[in-house]
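Per-entry structural report
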Amino acid sequence: MSRVAVLGQSVINVLFGKENPVGKDIKINHVKFKVIGVLPLKGASGSNDQDDLLVIPIDTAMKRVLGTPYLHEMAIQCATPEDIPPVMANIEALMRKRHRLPDYKENDFTLRNNAAVQSALSGTTQTFSSLLGIVAAIALLVGGIGIMNIMLVSVNERTREIGLRKSVGAARRAILAQFLIESAILSTLGGLIGIGLGMTVSLMMSTFSGWGTEVTPSSILLAFTFSTATGIVFGFWPARKASLLSPIEALRYE
């Protein structure tokens with residue numbers, strides 16, 4: 001029956017801001033409670049904020065706040081995942097017995113297995129990850145085609161330059177390497193701009209919306225590698241076209 005409470009971080013942010021709430025008083029349904037602790041930070045899952053919570057003693061809640069002699073809901077944690085099915089079966093049998101339900105009647109209570117919910121959420125997350133991967137692949141394809149077109153235009157505009165270089169002894173390999181390097185630099189610069197924008201948006205989301213975001217070195221390295229590889233793959237055809245030009249025909253090109 002003690003009038004004490006433990007607060008989640010979201011409640012603390014609303015009531016106290018950056019101030020330490022321990023030892024302060026709050027009112028719940030016009031009943032004064034003393035804050036004696038802070039719950040560990042759990043974060044939000046979708047619209048469910050696990051930190052938007054306060055905990056008070058069960059007898060205090062039932063008799064002083066809610067005025068109900070029964071529980072609306074309870075959470076049970078099993079020692080291992082393998083224990084969940086038998087524990088649920090035992091709880092169902094006990095609840096039916098307590099509620100005096102005959103065999104032909106359905107349950108007047110609900111049992112929910114969070115492991116099943118988590119499995120469904122994992123499936124949804126995997127689907128979204130696949131969709132994002134497809135979108136990223138399409139973006140890379142479109143970007144690669146753009147780079148290829150730019151390099152083809154560059155080859156056409158510099159045909160006389162290519163012919164001049166080949167006429168003074170430049171090998172096909174040198175011409176190929178030149179245009180491949182240019183294509184890789186172009187795509188790498190685009191990748192670096194994208195990485196910078198991504199880090200900026202991530203920082204802004206973390207600052208203004210309070211979401212926990214993190215840019216890992218592996219994601220930066222992956223983005224950099226893919227951007228460079230895109231330039232090399234899609235720039236190969238224009239570079240090969242440039243390397244195969246005949247110096248005589250190239251010098252005659254207007």
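Everything below is about the structure shown above.
1. With respect to the overall build of the protein chain
For the protein chain, the helix and strand inventory stands at 8 helices and 6 strands. Helices and strands appear in the protein chain in the N-to-C order β-α-β-β-β-β-β-α-α-α-α-α-α-α. Computed over the C-alpha atoms, the radius of gyration of the protein chain is 33 Å, more than 25% above the 18 Å expected from 2.2 N^0.38 for a compact globule of 254 residues. Along the first, second and third principal axes, the C-alpha set of the protein chain runs to 100 × 55 × 25 Å. Considering only residue pairs separated by 6 or more positions, the protein chain has 63% of its internal contacts joining residues 24 or more positions apart.

2. Details of a positive patch on the surface
Together, Arg3, Lys27, Lys32 and Arg64 make up a positively charged patch on the protein surface. By the secondary structure assignment, Lys27 is in strand E2 (residues 25-28).

3. Some points on the side chain of Thr230
Counting through the fold element by element, Thr230 comes out in helix H7 (residues 217-243). Note on Thr230: relative accessible area 10%, which makes it buried. Setting aside chain neighbours within four positions, we find Thr230 in contact with Leu140, Gly144 and Gly235.

4. So, the pairing of strand E3 (residues 31-38)
Summarising the sheet, strand E1 (residues 4-7) and E3 pair through 4 bridges and their orientation is parallel. Across the sheet, Val4 pairs through a bridge with Lys34, a residue of E3. As judged from the 4 bridges shared by E2 and E3, these two strands associate in the antiparallel manner. Within E3, the position partnered with Lys27 by the bridge is Lys32. Between E2 and E3, which pair antiparallel and follow one another directly, the connecting turn spans 2 residues, one of which, Asn29, has a positive phi of 50 degrees.

5. A look at the pattern of salt bridges
Using the criterion set out here, one finds 4 salt bridges in the structure. For the salt bridge of Lys24 with Glu19, the shortest nitrogen-to-oxygen distance reads 2.2 Å. Arg158 is the salt-bridge partner of Glu161, the closest N and O atoms lying 3.1 Å from each other. Classification of Glu161 by relative accessible area gives partly exposed; the value is 35%. Linked through salt bridges whose partners overlap, the residues forming this network are Arg158, Glu161 and Glu182.

6. Here's the deal with the packing of helix H5 (residues 159-167) against helix H6 (residues 172-208)
For any two helices packed against each other, the geometry is given by the interaxial angle and the distance between the axes. One way to put it is that H5 packs onto H6 with a least axis distance of 10 Å and a crossing angle of 145 degrees. Where H5 crosses over H6, the two elements pack in a sense that is right-handed. Of the residues in H6, those touching H5 at Glu161, Ile162, Arg165 and Lys166 are Arg172, Ala174, Ile175, Gln178 and Phe179. Here the contact of H5 with H6 is built from residues that sort into 4 nonpolar, 1 polar and 4 charged.

7. Here we look at unusual backbone geometry
The residue His30 is not glycine, and still its phi comes out positive at about 65 degrees. With respect to the helices, strands and loops of the structure, His30 is situated in the loop between E2 and E3. Look at Arg100: it is not a glycine, yet its phi comes out positive at around 55 degrees. Residue placement: Arg100 occurs in the loop between helix H3 (84-98) and helix H4 (114-157). A relative accessible area of 73% means that Arg100 is categorised as exposed.

8. Notes on the layout of surface pockets
Taken as a whole, the largest pocket encloses approximately 2200 Å³ of empty space. Along the walls of the largest pocket sit 46 residues, with Glu73, Met74, Ala75, Ile76 and Arg112 positioned nearest its centre. With 7 residues, the single largest contributor to the lining of the largest pocket is H3. A breakdown of the residues in the lining of the largest pocket according to their chemical character gives 28 nonpolar, 12 polar and 6 charged. One number sums up the size of the second largest pocket: a volume of about 330 Å³. Every residue lining the second largest pocket is counted, 15 residues in all, and those nearest its centre are Leu140, Gly191, Ala223, Phe226 and Ser227. Looking at side-chain class alone, the lining of the second largest pocket contains 7 nonpolar, 8 polar and no charged residues.

Calculation criteria
- Residues numbered from 1 in each chain as written.
- Predicted model: local features only at pLDDT ≥ 70, side-chain atom pairs only at ≥ 80, totals over all residues.
- Heavy atoms only, no water.
- Helix = DSSP H or I, 4+ residues; strand = E, 2+ residues; numbered from the N terminus.
- Rg over C-alpha atoms; globule rule 2.2 N^0.38 Å.
- Contact = heavy atoms within 4.5 Å.
- Patch = residues over 30% accessible without salt bridge, like charges linked within 9 Å, V, L, I, M, F, W, Y side chains within 5 Å.
- Areas by Shrake-Rupley, 256 points an atom, 1.4 Å probe, with all protein chains shown as cover.
- Salt bridge = Lys/Arg side-chain N within 4 Å of Asp/Glu carboxyl O.
- Lys, Arg positive; Asp, Glu negative; His and termini not counted.
- Charge placed at Lys NZ, Arg CZ, Asp CG, Glu CD.
- Buried < 20%, exposed > 50% of the residue type's maximum accessible area, 1.4 Å probe, protein only.
- Pairing = 2+ DSSP bridges.
- Axes fitted to C-alpha atoms, helices over the stretch in contact; angles between N-to-C directions.
- Left-handed = near helix turned anticlockwise from the far one by under 90°.
- Nonpolar A, V, L, I, M, F, W, Y, C, P; charged D, E, K, R; others polar.
- 1 Å grid on protein atoms, 1.4 Å probe; cavity = no way out; pocket = protein on both sides within 12 Å on 5 of 7 lines; lining within 4 Å.
- Points joined across faces, edges and corners; volume = space filled by probe spheres on them.

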